[in-house]
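As a plain string of letters, each chain reads:
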Amino acid sequence: MNAKSWLSTCDSSAVILIRLAVGFAVFFPEGLQKLLFPELLGPGRFAAIGLPWPEFLGTFVGVVETVCGLMITLGLATRLAAIPLIIIMVVAIISTKIPILLGHDWWIFHVGKFGRYGFWSMQHEARADITMLLGATFLLVVGAGQHSFDAWFTRARPRSPPPVAPS
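Here is what the cut-offs are and how they apply
Residues numbered from 1 in each chain as written. Predicted model: local features only at pLDDT ≥ 70, side-chain atom pairs only at ≥ 80, totals over all residues. Heavy atoms only, no water. Phe/Tyr/Trp six-rings, centres within 6.5 Å; stacked < 30°, edge-to-face > 60°. Helix = DSSP H or I, 4+ residues; strand = E, 2+ residues; numbered from the N terminus. Expected span 1.5 Å × (residues − 1). Buried < 20%, exposed > 50% of the residue type's maximum accessible area, 1.4 Å probe, protein only. Contact = heavy atoms within 4.5 Å. Core = buried A, V, L, I, M, F, W, Y, C linked by side-chain atoms within 4.5 Å. Axes fitted to C-alpha atoms, helices over the stretch in contact; angles between N-to-C directions. Parallel < 35°, antiparallel > 145°, perpendicular 65-115°, else oblique. Left-handed = near helix turned anticlockwise from the far one by under 90°. Nonpolar A, V, L, I, M, F, W, Y, C, P; charged D, E, K, R; others polar. Bend = angle between axes of the 7 residues up to and from the residue.

Engineer: Please explain the packing of aromatic side chains as it appears in this structure.
Structural biologist: The relative placement of two aromatic rings is captured by the distance of their centres and the angle of their planes. This structure, assessed with the given rule, holds 8 aromatic pairs. Three or more aromatic residues link up through ring pairs in this structure, and these residues are Trp106, Trp107 and Phe109.

Structure (structure tokens):
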């Protein structure tokens, strides 16, 4: 697949709303918070969940969410930026929501303290994760929309007419 196909996008201007929700409202600030508050949201939280290498993964995920969230907000290489965010959301659901569904630790992942467990509790806790997974998947499929750097880079530029040879 060439660079132009990765940057291609649909013509809808409404896609900017999804980009703002996914990139600006969620991933960019969440990534920054993982870096600014490492014990609460970065490596400290990753250790509490049971993720391996929490120091590395907490920082890595914070950087990826910040950079990819900004790229999606700007509509810059949106399809490529969506891929790591989709992976992050799948891991988040597996590592934090499956234990809630089961009501106990699962595999290497630890369940948090909740007032209730099971399907409805998991669904409640996973609503933002599922929404971001679907939003990032949408952007992977349709691209950034017409108000984006991707559209600007792939827009056909008018060519100057060839010089006319004197007769």
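Having seen it, we continue.
Engineer: Just to check I follow, could you spell out helix α5 (residues 54–74) for this structure?
Structural biologist: Helical geometry: 3.6 residues make up each α-helical turn, so side chains three or four residues apart lie on a common side. Across its 21 residues, α5 extends 30 Å between first and last C-alpha, which sits within 8% of the 30 Å expected from 1.5 Å per residue. If you check which residues of α5 are buried, you get Leu57, Gly58, Val61, Gly62, Val64, Glu65, Thr66, Cys68, Gly69, Ile72 and Thr73. Packed against the buried residues of α5 are α2 (15–36), α4 (43–49), α6 (78–102) and α7 (119–142). Glycine 75, located one to two residues past α5, shows a positive phi value of around 75°.

Engineer: What is the right way to look at the nonpolar core in this model?
Structural biologist: Considering soluble globular proteins, one finds that nonpolar side chains tend to be buried as a cluster. Formed by 24 residues in total, the largest nonpolar core has its most connected members in Val22, Phe27, Leu51, Ile72, Leu85, Ile88 and Met89. Elements that contribute at least two residues to this core include exactly α2, α4, α5, α6 and α7. Considering every element that reaches this core, the biggest residue donor is α6, with 7 residues.

Engineer: Would you mind going over the packing of α2 against α7 with me for this structure?
Structural biologist: Geometrically, a packed helix pair is captured by the angle between its two axes and the distance between the axes. Close contact between α2 and α7 brings their axes to 10 Å; oriented N to C, the two are set at 135°. Here α2 lies oblique to α7, going by the angle between them. For the crossing formed where α2 meets α7, the hand is left-handed. Of the residues in α7, those touching α2 at Val15, Ile18, Arg19, Ala21, Val22, Val26 and Phe27 are Met132, Gly135, Ala136, Phe138, Leu139 and Val142. Of the residues belonging to the contact of α2 with α7, the class tally is 11 nonpolar, 1 polar and 1 charged.

Engineer: What exactly am I supposed to notice about the environment of threonine 73 here?
Structural biologist: Tracing the chain through its elements places threonine 73 in helix α5. The sequence separation of threonine 73 and aspartate 150 amounts to 77 residues, and the corresponding C-alpha distance is 11 Å.

Engineer: What am I meant to see in α7 here?
Structural biologist: Remark: the principal bend of α7, roughly 55°, maps to alanine 126. For α7, the complete set of buried residues consists of Ser121, Met122, Ala126, Asp129, Met132, Leu133, Gly135, Ala136, Leu139 and Val142. Elements in contact with the buried residues of α7: α2, α5 and α6. Positive backbone phi, approximately 90°, marks glycine 143, located one or two places after α7.

Engineer: Would you mind showing me how to read the packing of α2 against α5 here?
Structural biologist: In the contact formed by α2 and α5, the axes pass within 7 Å of each other and the chain directions differ by 150°. One way to sum up the angle between α2 and α5 is to call them roughly antiparallel. For the pair α2 and α5, the crossing hand works out as left-handed. Mapping the contact onto sequence places Arg19, Leu20, Val22, Gly23, Phe24, Phe27, Phe28, Glu30, Gly31, Leu32, Lys34 and Leu35 in α2 and Gly58, Thr59, Val61, Gly62, Val63, Glu65, Thr66, Gly69, Leu70, Ile72, Thr73 and Leu74 in α5. Class assignment of the residues belonging to the contact of α2 with α5 gives a composition of 12 nonpolar, 8 polar and 4 charged.

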